[in-house]
Amino acid sequence: MKRVLAFLLSAAVLFSLFGCAENKYPPVESTEEESRVVMKIKIDDNEYDVKYELYRALFLNNKSRVDGGDGSVWSSEGAGEYVEKINSIIAKSLSEIYSVFHLSKQIGFDPFSDKADYEVEQYIIGAVEGDALQVGHGSYEAYLDSLKKQNLNYSVATLLTRYAMAEEAIAEYYRGTVNELGMREGKFEFTKQDVKAYYESDGAARFLQVYFQSGVSTLTEAEEYRSRLLGYTDELSMAAYIIGSTMATETDFIKDDKLTGIVMGKDELTSPVYSDYVERIFGLSDGEMSEVIELKESDADGYYIIYRLSKSDEHFERCYSAIESSYLDDIIGEKLKAAQTKAIDGLYFTEEYHNISHKDISMN
């Protein structure tokens, strides 16, 4: 599972880099209404403006989560309660976006630099004309229309492209790249002992995981499967059964005929969507199996069963590469979570916010 704003980062705005080409498609200027600053977010010494166009996108893409499809609630006597609920959701999404921007600047990547501008231009050319990575929309007008259908305008779409660029830069800084000799090259320095300390700490868990996709399997099916797992007293046999009866990735369970398991840190998954999932994993003791955990509104909705494994020096050495990867993801997550907390605490409404009529928010 990856940190994503799945409700916004659709095919129209996912980040990728394209070859050199001139800027054929001029930016579409936001209207005066769209450009209104309705919120501000302060993280450390930096302050970020949140414009109405972004608030609108987050509102429209989350409103059904709050009103259940009944748009009349936004003009009802209890509208204020609904606004408060959706603003809580929007605030969390904004904290994810701006914590990434904040951390990217700290590592020396500016998502609003001239270089980033150029990369955004190349992305748009690819989105319109297509290339080896995606089918183009055929025309600039069709591309812009696809954005509108997702409740995005040009400005918000490019902001989210910069967000994806910043995420990529952060990952490259901390995780590094692998050279032709198979060696990791990165700016973030650490030792094997650092990774070992992480692995042995309470901040890292080793476990087996079973996943049932939402809409394909039911809660009852997941619970019945869990009952069958409880009949296994040997962990390796349990892992073999899971491999043979699900779409599980074999290396997450067995490697070199020995038990592996997933290693995850408490801070790897930064989105609040995963908070209960993470809490349940770290609440287990070694050798204990969770009840069925349901995930909603994530990029991997469904039912999960977790079996907590013990850690060992043998496992650490045999699966070091995967553990190192978890360590680096946890470092990134820890820094992003800290920035998200500051973003939530540092968010406030401007006078322009109070001019918003929530019942009238639309793309028209």
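Everything discussed here concerns the structure shown above.
First things first, this report covers the structure right here in the doc. The structure displayed is predicted, hence computed values, not measured ones.

With respect to the packing of aromatic side chains
Considering all chains together, one arrives at 23 aromatic pairs under this definition. Centroid distance Phe59 to Trp74: 4.9 Å. Interplanar angle 65 degrees. Geometry classified as edge-to-face. With Phe59 in helix α1 (residues 52-60) and Trp74 in the loop between α2 (63-67) and α3 (79-106), this pair connects stretches of sequence that are 15 residues apart. In this pair, the class of Phe59 matches that of Trp74, namely buried.

Concerning unusual backbone geometry
For Asn151, which is not glycine, the phi torsion reads 65 degrees and is therefore positive. Examined against the element boundaries, Asn151 turns out to sit in the loop between α5 (140-149) and α6 (154-175).

With respect to the sheet that holds strand β11 (residues 347-349)
The pairing of strands in a sheet happens through backbone hydrogen bonds and is either parallel or antiparallel. Strand order in the open sheet formed by 3 strands is β2-β1-β11, and the pairing between neighbours is antiparallel. Single-partner strands in this sheet number two, and they are β2 (46-51) and β11. Within the sheet, the average angular offset between the axes of one strand and its neighbour, ignoring direction, is 25 degrees. As paired elements, strand β1 (residues 37-43) and β2 share 6 bridges and run antiparallel to each other. Each bridged residue has a counterpart across the sheet, and for Ile43 the counterpart in β2 is Asn46. Across the face of the sheet, α3 comes into contact with β1, β2 and β11 while running at roughly 135 degrees to β2. Helix α12 (residues 320-345) contacts β1 and β11 of the sheet and is inclined by roughly 135 degrees relative to β1.

Some points on the nonpolar core
Formed by 75 residues in total, the largest nonpolar core has its most connected members in Leu54, Tyr55, Leu94, Tyr98, Ile124 and Tyr143. Listed in part, the 18 residues of the second largest apolar core include Met238, Phe253, Met289 and Tyr307.

Let's talk about the sheet that holds strand β5 (residues 204-213)
A sheet is described by the order of its strands in space; here 4 strands give the open sequence β8-β5-β10-β9, paired in antiparallel fashion. With partners counted over all chains shown, the strands left at the sheet margins are β8 (262-265) and β9 (293-295), one partner each. Sheet twist, expressed as the average angle between the axes of neighbouring strands with direction ignored, equals 50 degrees. Where β5 and β8 come together, 4 bridges link them in antiparallel fashion. Looking at the pairing, Arg206 lines up with Val263 of β8. With respect to the sheet, helix α8 (residues 219-229) is in contact with β5 and β10 (302-309), its orientation differing from that of β10 by roughly 20 degrees. Each of β5, β8, β9 and β10 touches helix α10 (residues 275-282); the most contacted strand, β5, lies at about 125 degrees to it.

Description of the side chain of Arg318
In this fold, Arg318 is placed in helix α11 (residues 313-318). Excluding anything up to four places from it in sequence, Arg318 contacts Lys255, Asp256, Lys258, Leu259 and Thr260.

Side note on the layout of surface pockets
Counted as a void, the second largest pocket has a volume near 470 Å³. Around the second largest pocket sit 21 residues that line it, and Lys51, Glu53, Phe112, Ser155 and Leu159 are the ones nearest its centre. Of all the secondary-structure elements, those providing two or more residues to the lining of the second largest pocket are β2, α1, α3 and α6. For the lining of the second largest pocket, the residue count by class is 10 nonpolar, 4 polar and 7 charged.

Focus on the environment of Ser88
Secondary-structure assignment places Ser88 in helix α3. Relative accessible area serves as the criterion here: at 37%, Ser88 is assigned to the partly exposed category. When the C-alpha atoms of Ser88 and Ala164 are compared, they prove to be 23 Å apart, with 76 residues separating the residues in sequence.

Looking at the pattern of salt bridges
One pass over the full model with this rule turns up 22 salt bridges. The shortest N-O distance in the salt bridge between Glu129 and Lys24 comes to 3.1 Å. Highlighted residues: Glu129 in helix α4 (residues 114-129) and Lys24 in the segment before β1, separated in sequence by 105 residues. We note a salt bridge from Arg36 to Glu352, for which the minimum N-O separation is 3.6 Å. With a gap of 316 residues between them, Arg36 in the segment before β1 and Glu352 in the segment after β11 connect regions that are remote in the sequence.

Focus: the packing of α4 against α6
Close contact between α4 and α6 brings their axes to 10 Å; oriented N to C, the two are set at 115 degrees. If you check the angle between α4 and α6, you find them roughly perpendicular. In this structure, α4 meets α6 at a crossing whose hand is right-handed. On the side of α4, the interface is formed by Ala116, Asp117, Glu119, Val120, Tyr123 and Ile124, while α6 contributes Tyr154, Thr158, Thr161, Arg162 and Met165.

So, how was this worked out
Residues numbered from 1 in each chain as written. Predicted model: local features only at pLDDT ≥ 70, side-chain atom pairs only at ≥ 80, totals over all residues. Heavy atoms only, no water. Phe/Tyr/Trp six-rings, centres within 6.5 Å; stacked < 30°, edge-to-face > 60°. Helix = DSSP H or I, 4+ residues; strand = E, 2+ residues; numbered from the N terminus. Buried < 20%, exposed > 50% of the residue type's maximum accessible area, 1.4 Å probe, protein only. Pairing = 2+ DSSP bridges. Axes fitted to C-alpha atoms, helices over the stretch in contact; angles between N-to-C directions. Contact = heavy atoms within 4.5 Å. Core = buried A, V, L, I, M, F, W, Y, C linked by side-chain atoms within 4.5 Å. 1 Å grid on protein atoms, 1.4 Å probe; cavity = no way out; pocket = protein on both sides within 12 Å on 5 of 7 lines; lining within 4 Å. Points joined across faces, edges and corners; volume = space filled by probe spheres on them. Nonpolar A, V, L, I, M, F, W, Y, C, P; charged D, E, K, R; others polar. Salt bridge = Lys/Arg side-chain N within 4 Å of Asp/Glu carboxyl O. Parallel < 35°, antiparallel > 145°, perpendicular 65-115°, else oblique. Left-handed = near helix turned anticlockwise from the far one by under 90°.

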